[in-house]
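# Examining the three-dimensional arrangement
The lines below spell out each chain.
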Amino acid sequence: RSVLPLMSFAVEKATQGIPKHVSWSLIASMLLVIVGTTIYSYTNVSVTPIALIWIFINSVFTVVATVFRSWFLKDKNFT
């Protein structure tokens, strides 16, 4: 779940070019969250490979829905 903002950022930057300028602090803060989550959960994770696949699929659908929602909310012609 902590990877979703980074995934959404990558998709929006690649498809819309938003934001125009990316600061290192923005990327560093997202990566720091991922590193912190990984360190915290490293010893507590007992996930099967099939569960990881389902988590990845769920994450992809969540990012796609988020990006589309963002597009529609920014579109002035969308009613």
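Below you will find a few notes about this structure. Just so it is clear, the structure is predicted and the values come from calculations on it, not from any experiment. (Residues numbered from 1 in each chain as written. Predicted model: local features only at pLDDT ≥ 70, side-chain atom pairs only at ≥ 80, totals over all residues. Heavy atoms only, no water.)

### Some thoughts on the packing of aromatic side chains
How we decide: The aromatic pairing rule takes the rings of Phe, Tyr and Trp, using the six-membered ring of Trp, and pairs them if the centres are within 6.5 Å, calling planes under 30 degrees apart stacked, those over 60 edge-to-face and the rest tilted. Counting from the N terminus, the helices are the DSSP runs of H or I reaching at least four residues and the strands are the DSSP runs of E reaching at least two. Each residue gets one of three labels from its accessible area relative to the maximum for its type: buried under 20%, exposed over 50%, partly exposed in between, using a 1.4 Å probe on protein chains only.
With the rule as written, the count across this model stands at two aromatic pairs. When the ring of Phe 68 is compared with that of Trp 71, the centres are 5.1 Å apart and the planes differ by 90°; the resulting orientation is edge-to-face. You can see Phe 68 and its partner Trp 71 sitting in helix H3 (residues 49-74), three residues apart, about one turn around the helix. Taking relative accessible area as the criterion, Phe 68 reaches 39% and is therefore assigned partly exposed. Its relative accessible area of 28% is what places Trp 71 among the partly exposed residues. With a centroid separation of 6.4 Å and an interplanar angle of 25°, the aromatic rings of Phe 68 and Phe 72 are classed as stacked. In this pair, Phe 68 and Phe 72 both sit in helix H3, four residues apart, roughly one turn of the helix. For Phe 72, a relative accessible area of 42% translates into the label partly exposed. Among the aromatic side chains, those forming a connected cluster through ring pairs are Phe 68, Trp 71 and Phe 72.

### Considering the side chain of Ser 59
Put simply, the rule is: Should any heavy atoms of two residues lie within 4.5 Å, those residues are considered in contact.
Here Ser 59 is to be found in helix H3. Since its relative accessible area comes to 14%, Ser 59 is described here as buried. Residues in contact with Ser 59, not counting those within four places in the same chain, are Leu 4 and Met 7.

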